[in-house]
Amino acid sequence: MSFDKWFNSQSRLVQVILLIIPVVGWIVELLVRLSVLLRTQSVEHVVAFIVFLIFGGFWLLCVLDLIYLILNGHLFLAV
């Protein structure tokens, strides 16, 4: 699964638009984190995925990911 590579290859504008749309943003973040988890299989990404599953529905985590994406070019703990 290489959804994270596809997402990171998109322009910053497309990434931001995909994350701003409420339900689509949550699904995109979930797929990116799952893709990174399956590719790397590190403890750090397992924890990030579980935290996102628990707290991902809250808008604060999505806003933080959006800001981190704009500043650094990828989602928080999804490299």
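For the structure itself, look to the data block above.
Read on for a plain summary of the structure. Keep in mind that this is a model prediction, so the values were computed, not measured.

To continue, consider the packing of aromatic side chains. To describe a pair of aromatic rings, one takes the distance between the centres and the angle between the planes. Taken as a whole and assessed by the stated rule, the structure comprises three aromatic pairs. When the ring of Trp26 is compared with that of Phe52, the centres are 5.9 Å apart and the planes differ by 25 degrees; the resulting orientation is stacked. With Trp26 in helix α3 (residues 22-40) and Phe52 in helix α4 (residues 43-55), this residue pair connects regions lying 26 residues apart in the sequence. On the numbers, 5.3 Å between centres and 85 degrees between planes, the contact of Tyr68 with Phe76 is edge-to-face. The partly exposed category is assigned to Tyr68, whose relative accessible area is 27%.

On the surface, Val23, Trp26, Ile27, Val43, Val46, Val47, Ile50, Val51, Leu53, Ile54, Phe55 and Phe58 cluster together into a nonpolar patch covering about 1100 Å² of accessible area. Put simply, the parts of the chain that give the nonpolar patch at least two residues each are α3 and α4. Considering each element in turn, the nonpolar patch owes the most residues, eight residues, to α4. Tracing the sequence through the fold places Ile50 in helix α4.

Let us now look at the packing of α3 against α4. Packed helix pairs are characterised by how far apart their axes lie and by the angle those axes make with each other. It is the contact of α3 with α4, at a shortest axis distance of 9 Å, that shows an interaxial angle of 160 degrees. As far as their axial angle goes, α4 and α3 are roughly antiparallel. Remark: the crossing between α3 and α4 carries left-handed chirality. Taken together, the residues of α4 that come into contact with α3 (itself represented by Trp26, Glu29, Leu30, Arg33, Leu34, Val36, Leu37 and Thr40) are His45, Val46, Ala48, Phe49, Phe52 and Leu53. For the contact of α3 with α4, the per-class residue count stands at 10 nonpolar, two polar and two charged.

Definitions and limits used
Residues numbered from 1 in each chain as written. Predicted model: local features only at pLDDT ≥ 70, side-chain atom pairs only at ≥ 80, totals over all residues. Heavy atoms only, no water. Phe/Tyr/Trp six-rings, centres within 6.5 Å; stacked < 30°, edge-to-face > 60°. Helix = DSSP H or I, 4+ residues; strand = E, 2+ residues; numbered from the N terminus. Buried < 20%, exposed > 50% of the residue type's maximum accessible area, 1.4 Å probe, protein only. Patch = residues over 30% accessible without salt bridge, like charges linked within 9 Å, V, L, I, M, F, W, Y side chains within 5 Å. Areas by Shrake-Rupley, 256 points an atom, 1.4 Å probe, with all protein chains shown as cover. Salt bridge = Lys/Arg side-chain N within 4 Å of Asp/Glu carboxyl O. Axes fitted to C-alpha atoms, helices over the stretch in contact; angles between N-to-C directions. Parallel < 35°, antiparallel > 145°, perpendicular 65-115°, else oblique. Left-handed = near helix turned anticlockwise from the far one by under 90°. Contact = heavy atoms within 4.5 Å. Nonpolar A, V, L, I, M, F, W, Y, C, P; charged D, E, K, R; others polar.

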